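Below are the chains, spelled out letter by letter.
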Amino acid sequence: ENTLRFIRSSVAKSPSTGIFCGKVRFIDPVTQQTYIRSPNLRNIKKRMSVFHPSLFITKSSYELVGQYSEEFYLAMDSEWIHRALKANIKFCMLNEVLANMSLGGLSDKHYFASLNEYRKSVIQHNIGTKREAHFYFYQHLLVKLLLSHRLIRQIKQKLF
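Summary of the structure given here. (Residues numbered from 1 in each chain as written. Predicted model: local features only at pLDDT ≥ 70, side-chain atom pairs only at ≥ 80, totals over all residues. Heavy atoms only, no water.)

1. Focus: the pattern of salt bridges
The condition that has to hold: Salt bridges, as used here, are contacts in which a Lys or Arg side-chain nitrogen is within 4 Å of a carboxyl oxygen on Asp or Glu. Strands here mean DSSP runs of E at least two residues long; helices mean DSSP runs of H or I at least four residues long; both are numbered from the N terminus. Buried means the residue's accessible area, taken with a 1.4 Å probe over protein chains only, is under 20% of the maximum for its type, while exposed means over 50%, and partly exposed covers the values in between.
This structure, assessed with the given rule, holds four salt bridges. The closest approach of N and O atoms between K59 and E63, which form a salt bridge, is 4.0 Å. Separated by four residues within a single helix, K59 and E63 lie in helix 2 (residues 59–65), roughly one turn from each other. Of the residues examined, E63 reaches a relative accessible area of 56% and is grouped as exposed. Of the charged contacts in the structure, one is a salt bridge between R83 and E79, with a shortest N-O distance of 2.8 Å. Separated by four residues within a single helix, R83 and E79 lie in helix 3 (residues 76–86), roughly one turn from each other.

2. A word on the pairing of strand 1 (residues 19–27)
What counts is decided by this rule: A pair of strands is treated as paired once DSSP finds two or more bridges between them.
In terms of burial, strand 1 is largely enclosed, as seven of its nine residues are buried. Both strand 1 and strand 3 (residues 55–57) contribute to a ladder of three bridges, which runs antiparallel. Looking across to strand 3, one finds that I19 is bridged to I57. In sequence, strand 1 turns back onto strand 2 (residues 34–37) through a hairpin of six residues, with Q32 there showing a positive phi of about 65°.

3. Observations concerning the nonpolar core
Spelled out, the test is: In plain words, nonpolar cores are sets of buried Ala, Val, Leu, Ile, Met, Phe, Trp, Tyr and Cys residues tied together by side-chain atoms within 4.5 Å. Residue contacts are defined here by distance: any two heavy atoms, one from each residue, within 4.5 Å place the two residues in contact.
Membership of the largest hydrophobic core comes to 17 residues, with the highest contact counts inside it found for I19, I44, W80, I81 and A84. Those elements that place two or more of their residues in this core are strand 1, strand 3, helix 3 and helix 5 (111–124). Looking at this core, the element that brings in the most residues is helix 3, giving three residues. Among residues more than four places away in sequence, those in contact with A84 are I19, V65, I89 and F91. Counting residues in hydrophobic clusters, the runner-up holds six residues, among them F6, F20, C92 and L98.

4. Observations regarding the packing of aromatic side chains
Using the following cut-off: Pairing of aromatic rings covers Phe, Tyr and the six-membered ring of Trp, with a centre-to-centre limit of 6.5 Å; geometry is then stacked below 30 degrees between planes, edge-to-face above 60, and tilted otherwise. A positively charged side chain is recorded as over a ring if its NZ (Lys) or CZ (Arg) lies within 6 Å of the ring centre. The angle to the ring normal must also be within 35 degrees.
Under the criterion given, the structure shown has eight aromatic pairs. Arranged with centres 6.2 Å apart and planes meeting at 45°, the rings of Y68 and W80 form a pair that is tilted. Linking Y68 in the loop between helix 2 and helix 3 with W80 in helix 3, this pair joins segments that are 12 residues apart in sequence. Plain terms: the ring middles of F112 and F137 are 5.6 Å apart, the flat faces sit at 65° to each other, and that makes the pair edge-to-face. On the criterion of sequence distance, the pair formed by F112 in helix 5 and F137 in helix 6 (residues 130–147) is long-range, its members being 25 residues apart. Judged by relative accessible area, F137 falls into the buried class, the value being 3%. Three or more aromatic residues joined by ring pairs form one cluster here, namely F26, Y35 and F51. Between the NZ or CZ atom of R119 and the centre of the ring of Y138, over which it lies, the distance is 5.9 Å. The ring of F72 is capped by K120, whose NZ or CZ atom sits 5.3 Å from the centre of that ring.

Below is the structure:
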């Protein structure tokens, strides 16, 4: 509820910053369970670790980086962030929840294709090496497959 106040305050403190982002509260539409994730640029070569619902981007940053690429249908936000990093756009990470996001969107429904686009962008924009991009691709795919197994889901539901 205070997102715009947090952003306004952050812009006033750091007017040379081009991208402001914060935490996101993820909501499972089936179980209604929630969890909060914090943005982390150090992990960007592994996975999308800044979250588009909590991104506030200046007009000048969009003008410098350009529009979203239609080549990346499922990972266009990730690919744009990769270009912003290459353009040395300054990021500011806020320690506040700025958005709520329901799980089950297109990138969740088409996880393999989304992960593949992400890997392609990491390689294309030299965010990580090819070896790293392939390693993290298979690592995330394996974890997703394991977590989607019925037995694992039942254990997870009992624990939480």
